[in-house]
Amino acid sequence: MQERLKGINIYLIGMMGSGKSTIGGLLAKQLGYRFMDTDDIISQTTHRSITDIFATEGEDVFRDLESKVLSEICAYKKFVVATGGGIILKQMNWSYLRHGMIIWLNVPVEELYHRLKEDQTRPLLQHPDPLQQLQILLEKRQSLYAQADLEIKINPGGVPQQVVTQILEKIPTILKPQSYGLN
Ligand code: S3P
């Protein structure tokens with residue numbers, strides 16, 4: 001399958017708490033790819049936390065940084081990329097994502113809440129009712145996430161390796177048998 005992928009990047013999309021970084025790291029290892037996380041790159045290059053950027057510069061500045069990082073990642077091959085949950089909001093980002101294979105980790109909102117209820121690193125969840133906030137965000141984003149090449153439905157309680165196995169089983173179903181490209 002690695003040969004058929006031809007080194008195209010794999011972009012994991014989905015809500016905060018869907019496990020993009022954990023699963024992305026494992027997936028990269030098993031594919032012989034490298035791993036990166038767009039939030040980590042933004043923090044490393046600005047020497048600031050995501051929370052700090054949101055608080056001082058605002059979401060629009062963060063979104064511009066996110067697009068810039070994504071556009072630069074496109075120049076590389078053989079990366080599994082964990083993207084920030086809101087990367088799908090900008091139309092322009094899709095033109096970068098489409099250089100690779102886009103995989104949506106679809107996790108039920110109650111499970112996201114369970115994972116994130118104590119989290120203080122996601123500025124968009126610093127809200128009196130984080131469950132409602134997650135529901136609102138997901139409602140706005142669902143149809144965008146659904147434009148991924150592949151949707152992986154994640155059952156609560158499943159272990160990350162099971163998700164990786166599921167992904168590895170499904171990838172060949174969207175690769176053309178002969179031409180080694182995406183359908
Ligand atoms: C965001 C998700 C976060 C981070 C920022 C905004 C979002 O990334 O980019 O807090 O809009 O959903 P994760 O999805 O990695 O948590």
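Residues numbered from 1 in each chain as written. Predicted model: local features only at pLDDT ≥ 70, side-chain atom pairs only at ≥ 80, totals over all residues. Heavy atoms only, no water.

For the protein chain, an unreviewed UniProt entry supplies the name Shikimate kinase and the organism Planktothrix agardhii. Quoted straight from UniProt, the Sequence similarities (unreviewed entry) entry for the protein chain says "Belongs to the shikimate kinase family." (UniProt positions renumbered as here; feature names shortened; annotations may be inferred.)

(A) Layout of the UniProt feature "binding site: Mg(2+)" (unreviewed entry) in the protein chain. UniProt feature "binding site: Mg(2+)" (unreviewed entry): in the numbering of this structure it lies at Ser21. Structurally, the position occupied by Ser21 is in helix H2 (residues 20-31). What Ser21 contacts, discounting residues up to four positions off in sequence, is Phe35, Asp37 and Ala82. (Helix = DSSP H or I, 4+ residues; strand = E, 2+ residues; numbered from the N terminus. Contact = heavy atoms within 4.5 Å.)

(B) The arrangement of unusual backbone geometry in detail. Although it is not a glycine, Lys6 sits at a positive phi angle of roughly 55°. Note that Lys6 resides in the loop between helix H1 (2-5) and strand E1 (10-13). Of note, Lys78 is a non-glycine position whose phi angle comes to about 55°, a positive value. In this fold, Lys78 is placed in the loop between helix H5 (59-73) and strand E3 (79-82). Taking the relative accessible area as the measure of exposure, Lys78 reaches 42% and is therefore partly exposed. (Buried < 20%, exposed > 50% of the residue type's maximum accessible area, 1.4 Å probe, protein only.)

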